[in-house]
Amino acid sequence: MPNPRLTGLGGGLFCGAVMFTLGCVDQLLFGASMVVYGVLFLPVCALTAVWVRRGDLVIAPVVVPIAFAFGLLPVAGDGGGGIGGRLMGLFTALAVQAGWLYGGTLIAGLISTVRKARLMTRQAAQRRAAQPQARRRPV
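Source: prediction; values computed, not measured. Once a new chain begins, its residue numbering starts again from 1 and follows that chain's sequence as written. Local features are withheld for residues below a pLDDT of 70 in this predicted model, meaning they are given only at 70 or higher, and side-chain atom pairs are given and counted only at 80 or more; totals for whole chains, interfaces and linings count all residues. Processing note: side-chain calculations cover all non-hydrogen atoms of the structure and skip hydrogens and water entirely.

**Concerning the packing of aromatic side chains**
Any two aromatic rings considered together are summarised by their centre-to-centre distance and by the angle between their planes. For the record, the criterion: Whether two aromatic rings pair depends on their centres lying within 6.5 Å, for rings of Phe, Tyr and Trp, where Trp uses its six-membered ring; planes under 30 degrees apart make the pair stacked, over 60 edge-to-face, and the rest tilted.
Within the structure shown, the criterion is met by four aromatic pairs. Here the aromatic cluster, defined as three or more aromatic residues joined through ring pairs, consists of Tyr37, Phe41 and Phe68.

And the structure:
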């Protein structure tokens, strides 16, 4: 499995591009199935949280909801109604599919939190190991 390290911007672009592509594929193959879109959203959230750099861990739970909404553009719009119909479809889809959105954001948040906790533990252990041992005074 590749081990890329994405910056915060790279993580956002990755997640947004993948979700938009999956939204287009969902529209073409499954007729805009929201369940398929939601199920595909969850592994993208996990990959984004795993592949983001250590210094940018806080960005993963922020970019996944934005990518979810961006990916809904090809899925949520109905055939007619122009821009108003497309926006209504987008807002309706965001409201109705909030469970998938919250679930993916939770996955990204948990993975980022665990990674950050492990990083902080590792840094604390390195600081303790680097400190010289205190000399004991004879009694």
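Still more to cover.
**Thoughts on helix H1 (residues 8–30)**
Put simply, the rule reads: Strands are runs of DSSP state E lasting at least two residues, helices are runs of H or I lasting at least four, and both sets are numbered from the N terminus onward. The span expected for a helix works out to 1.5 Å for each residue beyond the first. Under the scheme applied here, a residue whose accessible area is under 20% of the maximum for its type counts as buried, over 50% as exposed, and between as partly exposed, the area being computed with a 1.4 Å probe on protein chains only. For this analysis, residues touch if any pair of their heavy atoms sits within 4.5 Å.
For H1, with 23 residues, the first-to-last C-alpha span of 31 Å sits near the 33 Å given by 1.5 Å per residue. Every buried residue of H1 is listed here: Gly8, Gly10, Gly11, Cys15, Gly16, Met19, Gly23 and Asp26. At its buried positions, H1 is contacted by helix H2 (34–51) and helix H3 (60–76). A positive backbone phi angle near 65° is found at Gly31, which sits one or two residues after H1.

**As for the side chain of Asp56**
To be explicit about the condition: Identification of polar contacts relies on pairs of N or O atoms within 3.5 Å, with a donor-acceptor requirement for protein atoms, meaning one able to donate a hydrogen and the other able to accept it, and with residues adjacent in sequence counted only if both atoms are side-chain atoms.
Within the secondary structure, Asp56 is located in the loop between H2 and H3. From its side chain, Asp56 meets the backbone nitrogen of Gly8 in a polar contact 2.9 Å long. In contact with Asp56, not counting residues within four places along its chain, are Leu6, Thr7 and Gly8.

**A closer look at the packing of H1 against H3**
The condition that has to hold: Between N-to-C directions, angles span 0 to 180 degrees; the directions come from axes that are lines fitted to C-alpha atoms, helices contributing only their stretch in contact. Angular relationships are summarised with four words: roughly parallel below 35 degrees, roughly antiparallel beyond 145, roughly perpendicular across 65 to 115, and oblique for the angles in between. Each crossing is labelled by how the near helix is turned from the far one, with a counterclockwise turn of less than a right angle marking it left-handed and a clockwise turn marking it right-handed. Throughout, the ten residues Ala, Val, Leu, Ile, Met, Phe, Trp, Tyr, Cys and Pro are labelled nonpolar, Asp, Glu, Lys and Arg are labelled charged, and all others, Gly among them, are labelled polar.
It is the contact of H1 with H3, at a shortest axis distance of 7 Å, that shows an interaxial angle of 30°. Between H1 and H3, the interaxial angle falls into the category roughly parallel. The crossing of H1 and H3 is right-handed. Facing H1, whose interface residues are Gly11, Gly12, Cys15, Gly16, Met19, Phe20, Gly23, Cys24, Asp26 and Gln27, H3 presents Val63, Val64, Ala67, Phe70, Gly71, Leu73, Pro74 and Val75. Residues of the contact of H1 with H3, tallied by class, amount to 11 nonpolar, six polar and one charged.

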